[in-house]
Amino acid sequence: MMQLYIANKNYSSWSMRPWLVLRAFHLPFQERMIPFSEDLAGGPFKQTLKALHDNAKVPVLKDGELLIWDSLAICEYLAEKYPEHALWPKDIAQRAWARSVSAEMHSSFAALRSLCGMNIQADFSTQGKILWDAHAELREDVARIEYIWAQRPQASAFLCGEFSIADAFFAPVVMRFKAFQLPVSADTELYMQQVLQHPAVALWVEAAQAEQTLARMEQYAR
Ligand SMILES: N[C@@H](CCC(=O)N[C@@H](CS)C(=O)NCC(=O)O)C(=O)O
């Protein structure tokens, strides 16, 4: 059976994406949780991951002898392995759009990523207001994401109608918007609710809420 190596559900936005795809489409896999160490470079997290693969980051998918070590590559692999499921939309134009926005998410939004790290348990609303006022580049990232989400076919739909890899890629962003209470439109709120109510997302969030926090990752809580 496939094995997905992930880190803490409260923090690991990259791990969340392929995990959601596997759960949402009921694909058979075993979860291998390797919690982050307080000492990231020298602790057991890096040692375990280095023994698995020289990239030494999560997520990693192990399928027999095959290792795939990047969240987008893992999702592409799953889409190829299970063509009977619409991991990407079936329509070629929708699929091209879904791939474009997922790749954009994968490679962009540096301000949002660096200022508003994923922390599902946290209420960083006070910090969110300060960051919002101080960082035009954060406001630009959020505006671009809101524009992308507003392209979905209906207000009550996922990005391409049904849940797909594109929604899994933006699910960690929903968590960031929520924890930092960033001021978004009513339409964005609707999409966020849609994502939060997805059974796979709800399962991830429930597990994240039960995890112990790491001092190293709680810079805004201090
Ligand atoms: N581009 C990679 C990024 C992987 C990544 O940065 N993972 C983080 C966890 S969320 C990690 O393993 N960090 C440990 C480190 O940087 O040493 C992907 O999409 O999988």
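Computed from a prediction, not measured in an experiment: that's the story for all the values here.

Our next topic: the domain arrangement of the protein chain. As far as domains go, the protein chain holds domain 1 (2-85) and domain 2 (92-208). Relative placement of domain 1 and domain 2: their C-alpha centres are 21 Å apart. Counting residues at the interface gives 22 residues for domain 1 and 25 residues for domain 2. Interface area for domain 1 against domain 2, summed over the two sides, is near 2100 Å², with a carbon-plus-sulfur share of 72%. A per-residue breakdown of the area domain 1 buries against domain 2 is headed by N10, M16 and R17, which together make up 32% of the total. For R99, the salt bridge is made with E76, and the minimal N-O distance between the two is 3.0 Å. Of all the elements in the fold, those that place two or more residues in the side of domain 1 that touches domain 2 are helix 1 (13-24) and helix 3 (71-81). The element best represented in the side of domain 1 that touches domain 2 is helix 1, accounting for 10 residues. Considered class by class, the residues forming the side of domain 1 that touches domain 2 number 12 nonpolar, five polar and five charged.

Where charged atoms of side chains with opposite charge meet at close range, the side chains can pair. Counted according to the given criterion, the structure contains five salt bridges. One salt bridge in this structure joins E31 and K9, with 2.9 Å as the shortest N-O distance. Here K9 lies in the loop between strand 1 (2-6) and helix 1 and E31 lies in strand 2 (residues 29-33), a separation of 22 residues in the sequence. Classification of E31 as partly exposed rests on a relative accessible area of 31%.

This part takes up the side chain of N8. With respect to the helices, strands and loops of the structure, N8 is situated in the loop between strand 1 and helix 1. In contact with N8, other than residues within four places in its own chain, are M33, I34, P35, F36, E211, Q212 and L214.

The rules behind these values
- Residues numbered from 1 in each chain as written.
- Predicted model: local features only at pLDDT ≥ 70, side-chain atom pairs only at ≥ 80, totals over all residues.
- Heavy atoms only, no water.
- Domains from an automatic or database assignment.
- Contact = heavy atoms within 4.5 Å.
- Buried area = accessible area lost by both parts, 1.4 Å probe.
- Salt bridge = Lys/Arg side-chain N within 4 Å of Asp/Glu carboxyl O.
- Helix = DSSP H or I, 4+ residues; strand = E, 2+ residues; numbered from the N terminus.
- Nonpolar A, V, L, I, M, F, W, Y, C, P; charged D, E, K, R; others polar.
- Buried < 20%, exposed > 50% of the residue type's maximum accessible area, 1.4 Å probe, protein only.

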